[in-house]
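Below are the chains, spelled out letter by letter.
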Amino acid sequence: MSRDTHPGVQCPHCQSHLALVPVSGNSAAAAPAPVLPIVPKEEWQPPPVAEVLAVYAGRAKDTRTAARGAAKVRDSMNRARAAAAQRRAAQKAARRTPKSA
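A quick note: this is a predicted structure, and the numbers were derived from the prediction, not measured.

1. Some points on the overall build of the protein chain
Argument step 1. Secondary structure assignment for the protein chain yields two helices and zero strands.
Argument step 2. Buried positions account for 6% of the 101 residues belonging to the protein chain.
Argument step 3. Considering only contacts in the protein chain between residues 6 or more positions apart, those separated by 24 or more positions represent 29%.
Argument step 4. With an accessible surface of roughly 9,800 Å², the protein chain has 60% of that area assigned to carbon and sulfur atoms.

Next comes the structure, spelled out in structure tokens:
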């Protein structure tokens, strides 16, 4: 198969467009390949930003919920930093070989 663009045939794994190409050689010995109908695929486009943000247009900012969310994020970041520092210290200690007497 070739990767030449073809309106309807796509690889089921990577979604790249494919086209069938004739194989050279003895065509009488080869069984005829089944012909699949070509169905043009509709290109998906994301909705306009204004349309998506219109849902949030009339909402007021809830400062209490925002502050709580920010505190959770800060706490999570601090825990991640502490865990990373502890992991680095353990790796550094493991790399140091004890000197035998």
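2. Overview of a nonpolar patch on the surface
Argument step 1. A cluster of nonpolar side chains, contributed by Val49, Val52, Leu53, Val55 and Tyr56, occupies part of the molecular surface with about 500 Å² of accessible area.
Argument step 2. With respect to the helices and strands, Val55 occurs in the loop between helix 1 (49-53) and helix 2 (63-95).
Argument step 3. Accessibility expressed as a relative area gives 55% for Val55, which makes it exposed.

About the criteria used
- Residues numbered from 1 in each chain as written.
- Predicted model: local features only at pLDDT ≥ 70, side-chain atom pairs only at ≥ 80, totals over all residues.
- Heavy atoms only, no water.
- Helix = DSSP H or I, 4+ residues; strand = E, 2+ residues; numbered from the N terminus.
- Buried < 20%, exposed > 50% of the residue type's maximum accessible area, 1.4 Å probe, protein only.
- Contact = heavy atoms within 4.5 Å.
- Areas by Shrake-Rupley, 256 points an atom, 1.4 Å probe, with all protein chains shown as cover.
- Patch = residues over 30% accessible without salt bridge, like charges linked within 9 Å, V, L, I, M, F, W, Y side chains within 5 Å.
- Salt bridge = Lys/Arg side-chain N within 4 Å of Asp/Glu carboxyl O.

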